[in-house]
Amino acid sequence: MAERALTAVIQEAYIQGISTRSVDDLVKALGMDGISKSQVSRLCEEIDERVHTFLDRPIEGDWPYLWINATYVKVRQNGRIVSVAVIVAVGVNSDGRREVLGMDIGPSEAEPFWTAFLRKLTRRGLRGVKLVISDAHEGIKAAVSKLLCATWRRCRVHFMRNALAHAGKSGRRVVSAFIATAFAQETPEAASRQWRSVADQVRPKLPKLATLMDDAKPDVLAYMTFPREHRAKLHSTNPIERLNGEIKRRTEVVGIFPNEAAITRLIGAILMEQSDEWAVQRARYMTLETMAPVSDNPIVMLSAVTGT
């Protein structure tokens, strides 16, 4: 029993991002001998098994909303230290509940990488996606169109960062307030008209910003065609940002990963932990009643009507 308890403590410490050396110090502080490499290997194998079971599980039901984001970590490859992209997908199903659906590791965020990732998700059962929210990557936009036949939505927060870079320090506050008037509109039509109006107002002095707004309008305002109750959660990748922050906090402790398996082990465990936390929350991320308009599931639509 004591050994199992110690094993659980060591595994949790590892998942929290504590280094192997610190884990060894922790074991010694408990009045026991240090942990050996073979023990570390065995513990890691147990974590790996749980993580892979979680990441490879079947995806059941419809998932109208999908958020995808990437973070970068450093890893040793062939004697060199390189930066790799770790992409994570979070979805909301037709019941309004949120889950981590998958992750993958690749050299960059090019279209083949996004396509392979989405293909894995669809093979595991991902379906019913109506809207995908991410940063502006042509690769993911093309992959979404090809594999999911869903609307792609450019994250509003990321767009604003790009937009304000064209405004100059003195004009950022005014430009931010101007663009915000479009987001404040009640209907897609009103938002589109206001967006064009703002672009035309800034065009004489900030032509690059106006061109950016012209090009980005369909993608940035795509969320406006979805239920009003959902828009605050659809306009950006914020629902996944807190998760990304936790990933960065724990991976910074590691610094440089020895291999990609170690990345999957740590980040996969973080994702599994977060998904479990969401699962035990009583409140849905989005209410069942408001999910009915974006669900293809007749049971969900009937439940919304009957209130059951």
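The shown structure was predicted, so the numbers you read here are calculated from the model rather than taken from an experiment. (Residues numbered from 1 in each chain as written. Predicted model: local features only at pLDDT ≥ 70, side-chain atom pairs only at ≥ 80, totals over all residues. Heavy atoms only, no water.)

### Points about the layout of surface pockets
So, point 1. Taken as a whole, the second largest pocket holds about 210 Å³ of empty space.
So, point 2. If you list the elements that add at least two residues to the lining of the second largest pocket, you get helix H3 (37-55), strand S3 (98-106) and helix H4 (111-123).
So, point 3. In terms of residue count, the dominant contributor to the lining of the second largest pocket is S3 (4 residues).
So, point 4. Its residues assigned to classes, the lining of the second largest pocket shows 5 nonpolar, 3 polar and 4 charged. (1 Å grid on protein atoms, 1.4 Å probe; cavity = no way out; pocket = protein on both sides within 12 Å on 5 of 7 lines; lining within 4 Å. Points joined across faces, edges and corners; volume = space filled by probe spheres on them. Helix = DSSP H or I, 4+ residues; strand = E, 2+ residues; numbered from the N terminus. Nonpolar A, V, L, I, M, F, W, Y, C, P; charged D, E, K, R; others polar.)

### Digging into helix H7 (residues 168-183)
So, point 1. Taking 1.5 Å per residue as the helical rise, H7 with its 16 residues ought to reach 22 Å, and the 22 Å between its terminal C-alpha atoms agrees with that figure.
So, point 2. The largest bend in H7 amounts to roughly 30° and is located at Val 174.
So, point 3. Within H7, burial applies to Gly 171, Val 175, Ile 179, Ala 182 and Phe 183.
So, point 4. Contact partners of the buried residues in H7: strand S5 (151-154), helix H6 (156-164), helix H8 (188-202) and helix H9 (207-220). (Expected span 1.5 Å × (residues − 1). Bend = angle between axes of the 7 residues up to and from the residue. Buried < 20%, exposed > 50% of the residue type's maximum accessible area, 1.4 Å probe, protein only. Contact = heavy atoms within 4.5 Å.)

### Thoughts on the pattern of salt bridges
So, point 1. One pass over the structure, following the stated rule, counts 12 salt bridges.
So, point 2. The partner of Lys 146 in a salt bridge is Glu 111, and the shortest N-O contact between them spans 3.3 Å. With a gap of 35 residues between them, Lys 146 in helix H5 (residues 138-147) and Glu 111 in helix H4 connect regions that are remote in the sequence.
So, point 3. Notably, a salt bridge pairs Arg 250 with Glu 273, separated by 2.6 Å at the nearest N-O pair. Of this pair, Arg 250 sits in helix H11 (residues 238-254) while Glu 273 sits in helix H12 (residues 260-280), placing them 23 residues apart in sequence.
So, point 4. Exposure remark for Glu 273: the relative accessible area of 28% places this residue in the partly exposed category.
So, point 5. Residues joined in a network through salt bridges with shared partners are Glu 246, Arg 249, Arg 250 and Glu 273. (Salt bridge = Lys/Arg side-chain N within 4 Å of Asp/Glu carboxyl O.)

### Remarks on the packing of aromatic side chains
So, point 1. Evaluated as defined, the whole model comprises 6 aromatic pairs.
So, point 2. A ring pair is formed by Phe 159 and Trp 195, whose centres lie 5.3 Å apart and whose planes are at 40°; its orientation type is tilted. Placement of the pair is Phe 159 in helix H6 and Trp 195 in helix H8, with a sequence separation of 36 residues. One exposure class covers both Phe 159 and Trp 195, and it is buried.
So, point 3. Three or more aromatic residues joined by ring pairs form one cluster here, namely Tyr 65, Trp 67, Phe 226 and Tyr 285.
So, point 4. Directly above the ring of Tyr 285 sits Arg 98, whose terminal nitrogen or CZ lies 3.9 Å from the centroid.
So, point 5. The aromatic ring of Phe 183 is capped on one face by Arg 156, whose charged end is 4.2 Å from the ring centroid. (Phe/Tyr/Trp six-rings, centres within 6.5 Å; stacked < 30°, edge-to-face > 60°. Lys NZ or Arg CZ within 6 Å of the ring centre and 35° of its normal.)

### With respect to the packing of H7 against H8
So, point 1. Remark: H7 packs on H8, axes separated minimally by 7 Å, with the N-to-C direction vectors making an angle of 160°. The orientation of H7 relative to H8 falls into the category roughly antiparallel. Two packed elements cross with a definite hand, and for H7 against H8 that hand is right-handed. Residues Phe 178, Ile 179, Thr 181, Ala 182 and Phe 183 of H7 form the contact with H8, whose participating residues are Ala 191, Gln 194, Trp 195, Val 198, Gln 201 and Val 202. (Axes fitted to C-alpha atoms, helices over the stretch in contact; angles between N-to-C directions. Parallel < 35°, antiparallel > 145°, perpendicular 65-115°, else oblique. Left-handed = near helix turned anticlockwise from the far one by under 90°.)

### Some remarks on the environment of Ser 94
So, point 1. With respect to the helices and strands, Ser 94 occurs in the loop between strand S2 (80-92) and S3.
So, point 2. Since its relative accessible area comes to 6%, Ser 94 is described here as buried.
So, point 3. Considering only alpha carbons, one finds Ser 94 and Val 294, 200 residues apart in sequence, at a separation of 7.7 Å.

### Focus: H12
The periodicity of an α-helix, 3.6 residues per turn, causes residues three or four positions apart to be oriented the same way.
So, point 1. End to end, H12 covers 30 Å across 21 residues, agreeing with the expected 30 Å (1.5 Å per residue, within 8%).
So, point 2. The backbone nitrogen of Ala 261 has a side-chain oxygen 3.3 Å away, supplied by the residue at the start of H12, namely Asn 259. (Polar contact = N/O pair within 3.5 Å; in protein donor to acceptor, adjacent residues only side chain to side chain.)

Function cannot be inferred from these measures alone, as they are strictly geometric.
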